[in-house]
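Letter by letter, the chains look like this.
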Amino acid sequence: MPKFFITTLGCKVNQYESEVIAEELKSEGWVPAGPGETADICIIHTCTVTQKASMQSRQVIRQAIRANPDAEIIVSGCYARTEPDEIRKMEGIHQIIGHNDKLQTSNFKSHVSRFTFHVSDSRTRPFLKIQDGCNAFCTYCIVPYARGRSRSMPPADVLENIRRLKQAGRHEVVLTGIHLGCYGLDLSPSTSLTELLTRICEENPMDRVRLSSVEPHELTDTIITLTAQSDHLCHHFHIPLQSGDDGILRRMHRPYTQAFFRDLVTKIHQQLPDVAIGADILVGFPGESERAFENTYSLVRDLPISYLHVFPFSPHKGTPASTYPDKVPSKRIKERSQQMRALGNAKKSEFYRRFVGKTMAVLVEGKRERKTGLLKGTTSNYIPVLVSGQDELKNRLVNISVEEVRDNLVFGVPS
Ligand code: SF4
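This report concerns the structure included in the present document. Everything quoted here is computed from the prediction, not taken from an experiment.

### A closer look at the overall build of the protein chain
Turning to step 1, where the next piece is worked out: Assigned secondary structure in the protein chain consists of 13 helices and 20 strands.
Turning to step 2, where the next piece is worked out: Taken over the C-alpha trace, the protein chain has a radius of gyration of 22 Å; the compact-globule value for 415 residues is 22 Å, and the two agree within 12%.
Turning to step 3, where the next piece is worked out: A buried classification covers 42% of the 415 residues belonging to the protein chain.
Turning to step 4, where the next piece is worked out: Considering only residue pairs separated by 6 or more positions, the protein chain has 71% of its internal contacts joining residues 24 or more positions apart.

### Topic: the pairing of strand β1 (residues 3-8)
Turning to step 1, where the next piece is worked out: Where β1 and strand β2 (residues 31-32) come together, two bridges link them in parallel fashion. Bridge pairing in β2 places K3 opposite V31.
Turning to step 2, where the next piece is worked out: Following the chain from β1 across helix α1 (residues 12-27) to the adjacent parallel β2, one finds a crossover that is right-handed.
Turning to step 3, where the next piece is worked out: With five bridges joining them, β1 and strand β3 (residues 41-46) adopt parallel strand pairing. Residue pairing in the sheet places I6 in a bridge with I43 of β3.

### Some details on the site of the ligand
Turning to step 1, where the next piece is worked out: What surrounds the ligand is the set C134, A136, F137, C138, C141, V143, P144, I178 and H179.
Turning to step 2, where the next piece is worked out: Looking at the shell around the ligand residue by residue, the classes come out as eight nonpolar, one polar and no charged.

### Thoughts on the environment of N408
Turning to step 1, where the next piece is worked out: Here N408 lies in the loop between β19 (397-406) and β20 (409-414).
Turning to step 2, where the next piece is worked out: Taking C-alpha positions, N408 is 35 Å from R163, a pair spaced 245 residues apart along the chain.

### Here's the deal with the sheet that holds β19
Turning to step 1, where the next piece is worked out: As summarised here, the arrangement of the five strands in space is β16-β17-β18-β20-β19, forming a closed barrel in which the pairing is mixed. The average angle at which neighbouring strand axes cross in this sheet is 50°, direction not considered.
Turning to step 2, where the next piece is worked out: Across six bridges, the pairing between β19 and β20 is antiparallel. Residue pairing in the sheet places I400 in a bridge with P414 of β20.

### Comments concerning the nonpolar core
Most often, soluble globular proteins keep nonpolar side chains buried together rather than apart.
Turning to step 1, where the next piece is worked out: Counting 102 residues, the largest nonpolar core has C42 and I277 as the members making the most contacts within it.
Turning to step 2, where the next piece is worked out: With six residues, strand β14 (residues 276-283) is the single largest residue contributor to this core.

### Describing the environment of Q51
Turning to step 1, where the next piece is worked out: Counting through the fold element by element, Q51 comes out in helix α2 (residues 51-67).
Turning to step 2, where the next piece is worked out: Residues Q51 and S314 lie 263 residues apart in sequence; the distance between their C-alpha atoms is 6.4 Å.
Turning to step 3, where the next piece is worked out: If sequence neighbours within four positions are ignored, Q51 has contacts with S314, P315 and H316.

### As for unusual backbone geometry
Turning to step 1, where the next piece is worked out: Omega for the peptide link from S188 to P189 comes to -5°, which places this bond in the cis form.
Turning to step 2, where the next piece is worked out: Here P189 lies in the loop between β11 (172-177) and α8 (193-203).
Turning to step 3, where the next piece is worked out: A positive phi is found at F137, a non-glycine position, where the angle reads about 50°.
Turning to step 4, where the next piece is worked out: Locating F137 in the fold gives a position in the loop between β9 (127-132) and α6 (143-147).

### Side note on the pairing of strand β12 (residues 208-211)
Turning to step 1, where the next piece is worked out: Here β12 shows two buried faces, one formed by R208 and R210 and the other by V209 and L211.
Turning to step 2, where the next piece is worked out: Pairing geometry for β11 and β12, over four bridges, is parallel. By the bridge assignment for β12, V174 is matched with R210.

### Topic: the sheet that holds β2
Turning to step 1, where the next piece is worked out: Taken in spatial order, the five strands of this open sheet run β2-β1-β3-β4-β5, and their pairing is parallel. Every other strand in the sheet has two partners, leaving β2 and β5 (95-96) as the edge strands with one partner each.

### A word on helix α12 (residues 290-302)
Turning to step 1, where the next piece is worked out: Compared with the 18 Å implied by 1.5 Å per residue over 13 residues, the 18 Å span of α12 between its first and last C-alpha is a close match.
Turning to step 2, where the next piece is worked out: Where α12 is buried, its residues contact α10 (246-252), α11 (258-271), β14, β15 (307-312) and α13 (330-353).

### So, the packing of α8 against helix α9 (residues 221-229)
Turning to step 1, where the next piece is worked out: Following both chains from N to C, one finds α8 and α9 inclined at 20°, their axes separated by 9 Å at the closest point. Viewed along their axes, α8 and α9 adopt a mutual orientation that is roughly parallel. Where α8 crosses over α9, the two elements pack in a sense that is left-handed. Residues L193, T194, L197, T198 and C201 of α8 form the contact with α9, whose participating residues are T222, I223 and L226.

### Thoughts on α1
Turning to step 1, where the next piece is worked out: Spanning 16 residues, α1 covers 23 Å between terminal C-alpha atoms, matching the ideal 22 Å at 1.5 Å per step.
Turning to step 2, where the next piece is worked out: Taken together, the buried positions of α1 are V13, Y16, E17, S18, E19, V20, I21 and L25.
Turning to step 3, where the next piece is worked out: Of the residues trailing α1, G29 is marked for its positive phi of about 95°.

### Looking at the environment of K358
Turning to step 1, where the next piece is worked out: Mapped onto the elements, K358 comes out in the loop between α13 and β16 (359-368).
Turning to step 2, where the next piece is worked out: With 171 residues separating them along the chain, K358 and L187 place their C-alpha atoms 43 Å apart.

### A look at the packing of α12 against α13
Turning to step 1, where the next piece is worked out: Interhelical geometry of α12 versus α13 gives an angle of 10° and a closest axis separation of 11 Å. In this view, α12 runs roughly parallel relative to α13, as classed from their interaxial angle. Contacts between α12 and α13 involve F293, Y297, V300 and R301 on the former and, on the latter, R336, Q339, M340 and L343.
Turning to step 2, where the next piece is worked out: For the contact of α12 with α13, the residue count by class is five nonpolar, one polar and two charged.

About the thresholds
- Residue numbers here run from 1 along each chain, matching the order of that chain's written sequence.
- The predicted nature of this model means local features are confined to residues of pLDDT at least 70 and side-chain atom pairs, given and counted, to a pLDDT of 80 or more, with totals for whole chains, interfaces and linings taken over all residues.
- Helical segments are the DSSP runs of H or I of at least four residues, strand segments are the runs of E of at least two, and each set is numbered from the N terminus.
- The globule rule used for comparison is 2.2 Å times the number of residues to the exponent 0.38, while the radius of gyration itself is calculated over C-alpha atoms.
- Whether a residue is buried, exposed or partly exposed follows from its count of other C-beta atoms within 10 Å of its own C-beta, namely 20 or more, 12 or fewer, or something in between, respectively; the C-beta atoms are built from the backbone.
- Contact between two residues is assigned when their C-beta atoms, built from the backbone, lie within 7 Å.
- Between any two strands, pairing holds if DSSP finds at least two bridges.
- Here a crossover is taken to be right-handed if, once the strands point away from the viewer, the path from the first strand over the helix to the second is traced clockwise.
- The criterion for a residue being near a molecule or strand is simple: its C-beta atom, placed using the backbone, must lie within 6 Å of it.
- Gly is placed with the polar residues, together with every amino acid not listed as nonpolar (Ala, Val, Leu, Ile, Met, Phe, Trp, Tyr, Cys and Pro) or charged (Asp, Glu, Lys and Arg).
- Each axis is a line fitted through C-alpha atoms, taken for helices only over the stretch in contact, and angles between the N-to-C directions span 0 to 180 degrees.
- By convention in this section, buried Ala, Val, Leu, Ile, Met, Phe, Trp, Tyr and Cys residues joined through C-beta atoms within 7 Å make up a nonpolar core.
- To estimate the expected span of a helix, count its residues, drop one, and scale the result by 1.5 Å.
- Oblique is the label for any angle not under 35 degrees, not over 145, and not in the 65 to 115 range, which are roughly parallel, roughly antiparallel and roughly perpendicular in turn.
- Note: crossing handedness is left-handed where the near helix turns anticlockwise from the far helix by less than a right angle, and right-handed where it turns clockwise.

Written out as structure tokens, the structure is:
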């Protein structure tokens with residue numbers, strides 16, 4: 001049987017698209033190449049969110065060519081779309097595909113555009129991509145150039161896909177998108193994320209529905225209230241803050257202020273005291289003075305934020321920010337990133353410890369954690385729990401008593 005190999009860099013959307021391509025290949029009779037085996041086709045799903053990601057994409061392409069000398073090599077993803085000429089310079093590549101091109105090999109024909117809105121259902125908590133592209137053009141971000149304008153899956157299809165996942169035995173779905181808060185604005189008649197979630201709550205097609213990242217100004221009062229009132233929308237918001245300094249936010253072309261973010265988080269926490277609130281922070285943007293960094297640091301420190309994703313700034317060719325003066329020295333960017341990550345770890349630990357002694361519904365995954373051999377699961381408010389228990393708990397929602405937190409790992413037993 002012909003063998004394929006897919007390697008993926010970058011974000012959840014890329015991971016999800018790779019899973020979908022893998023499912024599609026399997027349904028056509030292909031099998032994944034095992035360890036040590038060479039593949040007949042090799043797909044490298046690249047990322048270009050930073051210069052480092054572009055460099056890693058090139059490295060991974062070279063490794064794949066070396067390890068699979070006879071394979072048909074296909075490069076897809078954001079780096080393929082934004083820098084096809086760079087990739088063409090590399091020897092041994094058979095096809096470069098953008099997001100809307102056809103994926104076509106000598107043995108396999110399909111349309112990548114078909115993958116664009118599809119379901120990846122091999123996970124316990126599958127992703128459903130309901131939106132792609134972005135019109136926002138934040139000054140540091142290559143994504144609008146790489147993925148094009150915002151497009152959405154019609155609400156009826158979203159509901160249908162969720163039902164399908166439920167019928168396939170899933171208990172949770174993660175709604176993903178590049179700019180989820182823009183959901184529905186491109187459709188005719190236009191709709192919104194708020195309307196979609198209202199409909200999901202009315203029709204109740206799944207035990208748990210989780211949102212991936214939503215921009216601060218797009219997290220509406222209705223979404224917050226619906227989440228507080230619903231047993232099905234996860235008590236979890238991931239909000240890309242990026243900076244807590246108003247001057248830097250303006251330079252980033254981010255349409256909110258520090259005060260707006262503070263009010264938003266306070267409001268969410270008042271309605272949902274057990275909520276997990278995650279934030280993305282971009283450290284070392286050009287012009288980020290000590291004072292500006294301190295503004296971000298103290299904002300995060302003082303708010304009920306549960307975890308951070310910290311990204312050190314690296315200029316991306318083709319974006320306005322790559323030409324901005326007053327660059328922050330890379331040593332300082334590194335130090336600030338470490339400081340911010342340490343704060344994130346402390347906030348996470350504090351958040352986890354609040355739940356010791358409580359009983360929480362945990363969705364247990366199909367695989368055990370490698371090091372401890374314990375079952376892995378996730379609560380509605382995004383706490384990863386390691387559970388002692390038998391395999392029969394797998395892929396089930398189980399009540400777990402949280403016993404202790406050690407090294408930021410949470411341990412529990414069925415209650
Ligand atoms: S909202 Fe800004 S950061 Fe997010 S994808 Fe769009 S341009 Fe990039």
